[in-house]
Amino acid sequence: MSERLELTGVSYVAAGRSLLHDVSVSFHPGEVTALAGPSGSGKTTLLSVAGGLLEPSSGTASYAGRPMWRGNGDPRPEVAFVLQVYGLVPILSARENVSVALRARGVRPAEADERAEAELARFHIADLGDRQVEELSGGQMQRVACARACVVGAEVLLADEPTSELDQVNRGLVMEELRAEADRGAIVVLATHDLELVEACDRHHVIDEGRLDP
Amino acid sequence: MTRTLRGAWTRRRVLAPLAVLAAALVASLTVCTALAGDSGDAALVGPLVLVGAVVLAAPARAVADERRGELALGRLRGRGRLRLVAQLVAEPLLALLLGGLVGLAVGTAVAPGDASTGVLCLLGVAAAGCLAVGAVLAGRLREPLADQVAPLARPRRSSAPVTFAGLVVLAAAGYAAFAAHQRPAGPPWLLDLAPALCGLALGQVLVWVMQALARLAVSRSEFASPAVFLAVRRLARRPGTLAPLALVVAAAVVATVAATAASAGHRWVDQTARLGAGAALQVHLHDVGAAQALTLTHRLDPRGRWLMAAVLLPRQGGTRSVLVDTPRYDRVAGPVLSGTAAAPTDRLVDRLTTGPRPARGDLARLTGRVSGPLMPTAVQLRVDYVTDGNYVATRTLSARPGPDGVLQARQAVPGCTHGCVPTAVSLDARGPRVGTLSVSVAEFAGVDLRTTFGPQLHRVSLVHPPTGLRPVSTQRPAPVIVTGRDRASRVQGPDGSTRPASVHGTVAALPLAGTHGTLGDLGTALVGALPTSPSTQVLVLARGDTPARLLAALPGDPVTLAQVHRRVDVRSGAARTRTALLVGLCALLVAAIGLLAGLDRQRRELAHEVAALRVVGYPTDRLRPSVVVELLACGVAALLAVGLGSWLAVALLLDRMRLLTVPADAVAPDDAAPAWLLASGGVVALLLVAALMGRGRAVPERSSRPALLREEGVR
């Protein structure tokens, strides 16, 4: 896992509005990098381009030399997301939401469920495993989303405002687990406007109006 | 007003289905009400009204969901609930009125009639629509405000009023089925509503059963394939997924029951008309005796290819005797009666012809020899007969024996050219009445009297000559075919007299007589019969391909089978079954349109779900089978439910719905639902489920891109 996630000259234009301007940045394995900036500055868009959810209007986003954009908006298997609006499957329980991420990668259902259970415990929500996610609070859903991203052991973990709904204790817990992911060699990128979180990261970039501050 | 118009335009995507539904409902109700009024039973539109009222709930929910945020804002600003609901109902009311006006125009164009009926339908639909929207909005007002202002909509479980409504429908369906089997049966409007109530109840039960099974399957599908794993959870956990099923099942049951009624009605009218007509053409003869009709047909059509004489006698104790020229039955009546309850008569009629036929000619002859010690001066043969003019006449042949005892006499016979019936024969002798007379020829208008009147005429004792001899055949029981309900011991002749009958076969129904009657041979019955009674109807039945010249030679206008068909159709009120069918089809159409309203929301929910699965690594081609499994489960459930529900509704209700006026002597309508019709109803339901629910699940790959999830507020 010594490969970098690299964005080179990335611009993104949507509905005639330029959301990213010529962004070039590299993210390194084993590091937690924060993308800081005010609301609407382009953090989520940058993460989406970096994770292959959006095709850049110009420039490239690549990981290990391979382009992140696969042509249909599906992320590469090496990438895991914690989305700002969680992106959980509403018809599944908390455990099933974590388990499907493993099943999608070919893990047998029984083993996937077992690992999902353990992952929920890691985020202190093992008791919520059988609850349908729509019955959970925002903070609980956010931790389920984190557990789902962490369980697959992805090489690139992109987290968009992963602690926005969490209290102080759980913010610390999530940050700790993200750090653990980086420690095992993953590239971890957080989009946040929480300065405490920014300070806890190894490195940070500030983005404003779609431009990375030097 | 401007604000309402602007708002309605902004929310046109949600209001359009409501307007389209209002148009369909008003048009259907206007047309069906006009037809139901024509057939004298306005309550026939009841199922459409009921299904329409239920269908309105889906777009009403969609409208209420769309205004969720405004409702929350209004509450936060402290607006009164009534004012808030009234304000939010204005736009749906506008949509309902606009759609209703279009429906009214279509409805009155299709079924021009009293415009006030259409206007009433429009106002009724608008009121019901507003009530539905208002009720859903009022329900939303009871939700916790905290939930309402939350950006994430919580799953909404079935509420107590909805469950209660389901139980009420169940109870109403049970009561309707119970009332239908009471004597006297429940009110007609309840019987008309019964199929819709049964359909709705069955649909509700199906939804409950499917939900229970899906919840049960959740724990047993942990390790199943992704298709089954996801489909089961979608059915068990997404509120509203199964709701369309109930409506599809209800509408399909109503339509299938109506189609069965219409099919049974059509078959009944067809069979009753065939039985009533007896042949493709009927010619009623007035002032013509039965014997004359018989000989007329034989004269015009000597080979019996097209014409057959028949007489209908007045009912006695509810039973009608019919006499036909049985040797021609197969040829003339057979084709029309094939496939009816009278079809087995074909095989039995041959047993009815036993005796001699009526006479036709113009000469009477007597030849014989007298033997004995003293010769009579003359021998007289007297024949009583009914002329071809249908009056009684007598002819007496008088012969003087020669020296050798031989006697011969011949005389012209009037009134037998077109057929006459010898009714009695007497022999007498003048002078010494000693000895015997050996008769070698005793012929009357071509009829051998010795055969007809028996062996007494072969060798006659002149001491006690026979007087008032009746034809032999009249002394035996008349062979007849009877209907299943009758065990005739006596049968009427064309002169109105009765004689003993012997039953040679039993059938369910007889031509011209229906289910209470007897059928005998006209020729046999005519022998010895007095003039045809004035109350007897004399007719000639003819094949459809009878040459025009033959029909022109008959003294009367032919009545076609189609005319009889129309008469039966009108008298039985069969139009009611067709109206019921139209109501059923309209209910199906309205249900389909109503369900389209909820598809947008289903598609959005599925797009979110698919995007969430794609973001964790499931490609769309691995997800599509789950939709197929879900649709298959719903489709098969709908197919089975509609098949079973329709069968139950038909078996329990159809014969009690009194859609047809069936006379006592008519065959009973075959109310059993044909398997193909039940299967068709089920297949229609399956296709509707596949089309409607499938459309709600048709999410293209580009519409479920994981990038959707990055946008705040996407649920």
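Residues numbered from 1 in each chain as written. Chains lettered and ligands numbered in written order. Predicted model: local features only at pLDDT ≥ 70, side-chain atom pairs only at ≥ 80, totals over all residues.

Quick notes on the overall build of chain B
Put simply, the rule reads: By the criteria applied, helices consist of DSSP H or I runs no shorter than four residues and strands consist of E runs no shorter than two, each listed in order from the N terminus. Throughout, the radius of gyration refers to the C-alpha atoms, and the reference size of a globule is 2.2 Å times the residue count to the power 0.38. In this scheme the burial state of a residue depends on its C-beta neighbours within 10 Å: 20 or more other such atoms mean buried, 12 or fewer mean exposed, and anything in between means partly exposed; the C-beta positions come from the backbone.
A tally of helices and strands in chain B yields 24 helices and 17 strands. Relative to a compact globule of 715 residues, whose C-alpha radius of gyration would be 27 Å, chain B shows 40 Å and is clearly more extended. Counting over 715 residues, chain B shows a buried share of 51%.

Details of the overall build of chain A
What counts here: We call two residues in contact whenever the C-beta atoms placed from their backbones are within 7 Å.
Summing up its helical and strand segments, chain A has six helices and ten strands in all. For a compact globule of 214 residues, the expected C-alpha radius of gyration is about 17 Å, and chain A comes in at 16 Å, within 12% of that figure. Principal-axis analysis of the C-alpha atoms gives chain A an extent of 45 × 35 × 35 Å. Put simply, chain A has 214 residues, and 55% of those count as buried. Partitioning the contacts of chain A with sequence separation of at least 6, the portion at a separation of at least 24 is 68%.

Digging into the packing of helix H11 (residues 226-237) of chain B against helix H23 (residues 620-653) of chain B
All names here are of chain B. Applicable threshold: Here, axes are lines fitted to C-alpha atoms. For helices the fit covers the stretch in contact, and angles between N-to-C directions go from 0 to 180 degrees. By the definition adopted for this analysis, an angle is roughly parallel if under 35 degrees, roughly antiparallel if over 145, roughly perpendicular if from 65 to 115, and oblique otherwise. Helix crossings are classified by the rotation of the near helix relative to the far one: an anticlockwise turn of less than a right angle makes the crossing left-handed, while a clockwise turn makes it right-handed.
Closest axis-to-axis distance for the H11/H23 pair is 8 Å, and the angle between their directions is 50°. By the angle between their directions, the pair H11 and H23 is classed as oblique. Between H11 and H23 lies a crossing whose hand is right-handed. Counted together, Pro-226, Ala-227, Val-228, Leu-230, Ala-231, Arg-234 and Leu-235 of H11 and Arg-622, Pro-625, Ser-626, Val-629, Glu-630 and Ala-633 of H23 form the full contact between these two elements.

Topic: the interface of chain B and chain A
This is how it is decided: In the scheme used here, Gly and all other residues not listed as nonpolar or charged are polar, with Ala, Val, Leu, Ile, Met, Phe, Trp, Tyr, Cys and Pro taken as nonpolar and Asp, Glu, Lys and Arg as charged.
The partner chain A presents 31 residues to the 26 residues of chain B that form the contact. At the level of secondary structure, the elements contributing two or more residues to the side of chain B that touches chain A comprise H11 and helix H22 (599-615) of chain B. Top element by residues in the side of chain B that touches chain A is H22 of chain B. It accounts for five residues. Tallied by class, residues from the side of chain B that touches chain A come to 13 nonpolar, one polar and twelve charged.

Digging into the sheet that holds strand S2 (residues 17-27) of chain A
All names here are of chain A. Test applied: Two strands qualify as a pair provided DSSP detects at least 2 bridges between them.
Read from one edge to the other, the open sheet built from four strands follows the order S2-S1-S4-S5, with strand pairing classed as antiparallel. Each edge of the open sheet carries a strand with a single partner, namely S2 and strand S5 (66-67). Pairing between strand S4 (residues 58-63) and S5: two bridges, direction antiparallel. Its bridge partner lying in S5, Tyr-63 is registered against Arg-66. Sheet strands touched by helix H1 (residues 43-50): strand S1 (5-14), S2 and S4. Its angle to S1, the strand with the most contacts, is close to 120°.

What about H11 of chain B?
Here is the rule we go by: A helix is expected to reach a length of 1.5 Å times the quantity of its residues less one.
In this model H11 of chain B runs 16 Å from its N-terminal to its C-terminal C-alpha over twelve residues, within 8% of the 16 Å that 1.5 Å per residue would give. All of the buried residues in H11 of chain B are Phe-229, Leu-230, Ala-231, Val-232, Arg-233, Arg-234, Leu-235 and Ala-236 of chain B.

Section: the nonpolar core
Here is the rule: Working definition: the nonpolar core is a set of buried Ala, Val, Leu, Ile, Met, Phe, Trp, Tyr and Cys residues, joined through C-beta atoms within 7 Å.
Ranked by size, the top nonpolar core spans 226 residues in total, and within it Val-51, Leu-245, Val-249 and Ala-638 of chain B carry the most contacts. Once residues lying within four places of it in the same chain are set aside, the contact partners of Ala-638 of chain B are Leu-245, Val-248, Val-249, Ala-685, Leu-686 and Val-689 of chain B. In terms of nonpolar packing, the next biggest core, distinct from the first, is built from 87 residues, Val-32, Val-79 and Leu-158 of chain A together with Val-615 of chain B among them.

Here's the deal with the sheet that holds strand S10 (residues 211-212) of chain A
Residues and elements named next belong to chain A. Taken in spatial order, the six strands make up an open sheet running S6-S7-S8-S3-S9-S10, and their pairing is mixed. Each edge of the open sheet is held by one strand with a lone partner, namely strand S6 (79-82) and S10. When strand S3 (residues 32-36) meets strand S8 (residues 187-192), the two strands line up parallel, connected through five bridges. By the bridge assignment, Ala-36 is partnered in S8 with Thr-192.

Overview of the confidence of the model for chain B
Note the following rule: pLDDT is a per-residue confidence score from the predictor, ranging from 0 to 100.
Of all residues in chain B, 96% have pLDDT values of 70 or greater, and the mean over the chain is 86. Reported for the predicted complex are a pTM of 0.80 and an ipTM of 0.94.

A word on the packing of helix H4 (residues 57-66) of chain B against helix H7 (residues 115-141) of chain B
All names here are of chain B. At a minimum axis separation of 8 Å, H4 and H7 run at an interaxial angle of 50°. As judged from the angle between their axes, H4 and H7 are oblique. Along this stretch, H4 crosses H7, giving a crossing that reads as right-handed. The residues of H7 that touch H4, namely those facing Ala-57, Ala-60, Arg-61, Val-63 and Ala-64, are Gly-129, Ala-132, Val-133, Val-136, Leu-137 and Arg-140. Residue composition of the contact of H4 with H7, by class: eight nonpolar, one polar and two charged.

Comments concerning the pairing of S2 of chain A
When a strand is regular, its side chains alternate between the sheet's two faces. All names here are of chain A. Sheet topology places S1 next to S2; seven bridges connect them, and they run antiparallel. The residue bridging Tyr-12 from the neighbouring strand is Leu-20, located in S2. If you look at the hairpin formed by S1 and S2, you'll find two residues sitting between the two strands, and Ala-15 has a positive phi there, around 50°.

Some details on unusual backbone geometry
Residue and element names in this part refer to chain A. The backbone of Ala-15 shows a phi angle near 50°, a positive value even though the residue is not glycine. Within the element layout of this structure, Ala-15 appears in the loop between S1 and S2. The class of Ala-15 is exposed, set by 5 C-beta atoms lying within 10 Å. If you check the backbone angles, Glu-161 has positive phi at about 45° while not being a glycine. Summarising the element assignment, Glu-161 is placed in the loop between strand S7 (156-160) and helix H5 (168-183). Among the residues examined, Glu-161 registers 22 C-beta atoms within 10 Å and is labelled buried.

Some words on the environment of Phe-123 of chain A
Residues and elements named next belong to chain A. In this structure, Phe-123 sits in the loop between helix H3 (109-122) and helix H4 (138-151). In sequence terms Phe-123 and Leu-166 are 43 residues apart; their C-alpha atoms lie 12 Å from each other. Setting aside anything within four residues of it in sequence, one finds Phe-123 in contact with Arg-143, Cys-146, Ala-147, Leu-173 and Glu-177.

As for the environment of Ala-641 of chain B
All names here are of chain B. Checked against the element boundaries, Ala-641 lands in helix H23. According to the C-beta neighbour criterion, Ala-641 is buried, with 27 such atoms within 10 Å. A sequence separation of 68 residues divides Ala-641 from Gly-573, and the C-alpha atoms of the two residues are 31 Å apart. Every residue in contact with Ala-641, bar those within four places of it in the chain, is listed here: Leu-202, Leu-206 and Val-249.

Structural notes on the environment of Pro-547 of chain B
Along the chain, Pro-547 of chain B turns up in the loop between strand S16 (537-542) and helix H19 (548-553). The sequence separation of Pro-547 of chain B and Gly-174 of chain B amounts to 373 residues, and the corresponding C-alpha distance is 59 Å.

Examining helix H2 (residues 94-103) of chain A
Burial analysis of H2 of chain A places ten of its ten residues in the buried class, the great majority of the element. For H2 of chain A, the full list of buried residues reads Ala-94, Arg-95, Glu-96, Asn-97, Val-98, Ser-99, Val-100, Ala-101, Leu-102 and Arg-103 of chain A. Against the buried residues of H2 of chain A lie H3 and H4 of chain A together with H11 and H22 of chain B.

Digging into the confidence of the model for chain A
Scored by pLDDT, chain A comes out at a mean of 91, with 99% of its residues at no less than 70. Of all the helices and strands in chain A, helix H6 (residues 195-200) of chain A carries the lowest mean pLDDT, 88, while H2 of chain A carries the highest, 95.

A word on the pairing of strand S9 (residues 436-444) of chain B
All names here are of chain B. Here strand S4 (residues 363-371) pairs with S9 via eight bridges, running antiparallel. Each bridged residue has a counterpart across the sheet, and for Ala-364 the counterpart in S9 is Phe-444. As judged from the three bridges shared by S9 and strand S11 (residues 459-461), these two strands associate in the antiparallel manner. Bridge assignment links Thr-436 to a residue of S11, and that residue is Ser-461. Bridge count between S9 and strand S10 (residues 447-448): two bridges; the pairing is antiparallel.

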